[in-house]
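Next come the chains, spelled out residue by residue.
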Amino acid sequence: MDVLVVGAGDVGRWFADLADAPVAFTDVDEDRAEAAAAALDRRARAVPLDTEESFGLVVVAVPMAVAVETIERHASRAERAVVDFTGAMRAPLAAMAETAPARERVSFHPLFAPEHAPGRIAVSESAPGPATDHVREWLNASGNTLVDVAPDEHDDAMSTIQGRAHAAVLAFALAADDVPEELATPVYSDLADLVDRVTDGNPRVYADIQDAFDGSEELAAAARRLADADRSGFEEAYDDAGR
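Here the residue numbers are simple positions, counted from 1 along each chain's written sequence. Where totals are concerned, whole chains, interfaces and linings use all residues; where local detail is concerned, this predicted model gives features only for residues with pLDDT of at least 70, and gives and counts side-chain atom pairs only at 80 or more. Neither water nor hydrogens contribute to the side-chain values; these are computed over all heavy atoms in the structure.

Visitor: Can you walk me through the overall build of the protein in this structure?
Guide: Secondary structure follows DSSP: runs of H or I at least 4 residues long count as helices, runs of E at least 2 residues long count as strands, and numbering of each begins at the N terminus. For the protein, the helix and strand inventory stands at ten helices and eight strands. Its C-alpha atoms give the protein principal-axis dimensions of about 65 × 35 × 30 Å. Taken over 243 residues, the protein has a buried fraction of 40%. Whether two residues are in contact is decided by their heavy atoms: any pair within 4.5 Å suffices. Considering only intrachain contacts with a sequence separation of at least 6, the fraction spanning at least 24 residues in the protein is 56%. Taking the average place of the 20 positive charges on the side chains of the protein and the average place of its 47 negative ones, the gap between the two points comes to 4 Å. Relative accessibility decides the category of a residue: with a 1.4 Å probe and only protein chains considered, values under 20% of the type maximum give buried, values over 50% give exposed, and everything between is partly exposed. His is not counted, nor are the chain ends; Lys and Arg add positive charge and Asp and Glu add negative charge. In plain terms, the charge of a residue is placed at NZ if it is Lys, CZ if Arg, CG if Asp and CD if Glu.

Visitor: How do you make sense of the pattern of salt bridges when you look at a structure like this?
Guide: Two side chains that carry opposite charge are able to pair once their charged atoms sit near each other. Salt bridges are identified by distance alone: a Lys or Arg side-chain nitrogen within 4 Å of an Asp or Glu carboxyl oxygen. Counted by the stated rule, this structure contains 13 salt bridges. One salt bridge in this structure joins Arg32 and Asp27, with 2.8 Å as the shortest N-O distance. A residue is classified by how much of its surface remains accessible, and Arg32, at 35% relative accessible area, is partly exposed. With a relative accessible area of 6%, Asp27 lands in the buried category.

Visitor: Would you explain the side chain of Arg136 in this entry?
Guide: Examined against the element boundaries, Arg136 turns out to sit in helix 5 (residues 130-141). The class for Arg136 is buried, based on a relative accessible area of 16%. The residues touching Arg136, leaving out its near neighbours within four places in the chain, are Phe108, Val123, Glu125, Leu146 and Asp148.

Visitor: So what exactly am I meant to see when it comes to the packing of helix 6 (residues 151-175) against helix 7 (residues 186-199) here?
Guide: Any two packed helices are characterised by the angle at which their axes cross and by the distance between the axes. Here an angle of 0 to 180 degrees is reported between the N-to-C directions of two axes, which are lines fitted to C-alpha atoms, with helices fitted over the stretch in contact. Their axes nearest at 9 Å, the elements helix 6 and helix 7 cross at an angle of 105°. By the criterion of interaxial angle, the relationship of helix 6 to helix 7 is roughly perpendicular. Listed contacts from helix 7 to Val169, Leu170, Phe172 and Ala173 of helix 6 are Tyr188, Leu191, Ala192, Leu194, Val195, Val198 and Thr199. When the residues that make up the contact of helix 6 with helix 7 are grouped by side-chain class, the tally is ten nonpolar, one polar and no charged. Roughly parallel covers angles under 35 degrees, roughly antiparallel covers those over 145, roughly perpendicular covers 65 to 115, and oblique covers all other angles. Three residue categories are used. Nonpolar comprises Ala, Val, Leu, Ile, Met, Phe, Trp, Tyr, Cys and Pro, charged comprises Asp, Glu, Lys and Arg, and polar comprises the others, including Gly.

Visitor: When you look at the packing of aromatic side chains in this model, what are you seeing that I'm missing?
Guide: The geometry of an aromatic ring pair is captured by the separation of the ring centres together with the interplanar angle, meaning the angle of the planes. Pairing of aromatic rings covers Phe, Tyr and the six-membered ring of Trp, with a centre-to-centre limit of 6.5 Å; geometry is then stacked below 30 degrees between planes, edge-to-face above 60, and tilted otherwise. All told, the structure shown has six aromatic pairs when counted by the stated rule. Judged by centre distance (5.8 Å) and plane angle (85°), the rings of Trp14 and Phe112 are edge-to-face. Placement of Trp14 in helix 1 (residues 10-18) and of Phe112 in the loop between strand 6 (104-110) and strand 7 (120-127) is noted, with a sequence separation of 98 residues between them. Of the two residues, Trp14 and Phe112, both sit in the buried class. Taking 6.1 Å as the distance between ring centres and 50° as the angle between the ring planes, the aromatic pair formed by Phe15 and Trp138 counts as tilted. Of the two residues, Phe15 sits in helix 1 while Trp138 sits in helix 5, which places them 123 residues apart along the sequence. Of the aromatic side chains, those joined through ring pairs into one cluster are Trp14, Phe15, Phe85, Phe108, Phe112 and Trp138.

Visitor: Whenever I open this one, a nonpolar patch on the surface confuses me. Can you help?
Guide: Only residues above 30% relative accessible area that lack a salt bridge enter a patch, with like-charged residues linked at up to 9 Å and the nonpolar side chains Val, Leu, Ile, Met, Phe, Trp and Tyr linked at up to 5 Å. All accessible-area figures derive from a Shrake-Rupley calculation using a 1.4 Å probe, and residue coverage is judged against the displayed protein chains alone. Together, Leu226, Phe234 and Tyr238 make up an exposed nonpolar region whose accessible area comes to about 340 Å². Turning to its location among the elements, Phe234 is positioned in helix 10 (residues 231-242).

Visitor: Just to check I follow, could you spell out helix 2 (residues 30-39) for this structure?
Guide: Given 3.6 residues to a turn, an α-helix orients residues that are three or four positions apart in the same direction. Considered for burial, the residues of helix 2 that qualify are Ala33, Ala36 and Ala37. The buried residues of helix 2 occupy an angular sector of 100° when projected down its axis, which confines them to one face. Every exposed residue of helix 2 that faces more than 90 degrees away from the buried side is listed here: Asp31 and Ala38. On its buried side, helix 2 packs onto helix 1, strand 2 (23-26) and strand 3 (44-46). Taken from the helix axis, the directions to the C-beta atoms give the arc we talk about.

Visitor: What am I meant to see in the environment of Glu34 here?
Guide: With respect to the helices and strands, Glu34 occurs in helix 2. For the pair formed by Glu34 and Pro48, sequence separation is 14 residues and the distance between their alpha carbons is 9.9 Å.

Laid out in structure tokens, this is it:
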């Protein structure tokens, strides 16, 4: 089963490297697709974005902001299955069902950056089959743990797991003053480590997550509750946080 990977960024390259099949890359940046193909130890190739070829499996690995339009453009090139690794599930699966209703369709979300692989991968199966089972096998063989979840449950959870968590870390970084390292407490050090991890990435990715899952509004409301609370109100909020 030959594979078309749409998106030659970090996630597309990560998946192509573990796929036990011939791979072709396509990307809005043709040079990036060529570089991704050349970087694989085994034979791979790049194809134009408007290729008329068809492939057994089409893998969409693009930013969430362009996931739906990319699926609408490329899913029809799939002979057997189309899957995505974009980070959201509801909208991509709906686009797959609309564009490729006769094909196998599954959404995958690695819960880690490629440089931290292997790890846990959320999976939502809309129309699974033998081809998408191969994808699961490749992911398992690379040491990943697959976690099956409904698309609504996944996207709702990501509002907290990604949207609010990232906003909280960035808000702390924006509010914090420079302090002497020798005065750091364990809580402060843990937060500082999280700031380093979150800010050592691509701001576009984090902006996409906020657009998709939000989180900053709820975080701002929680911070305002603490800021406006008197002593008893603060203690009540502290207890609520612990629950």
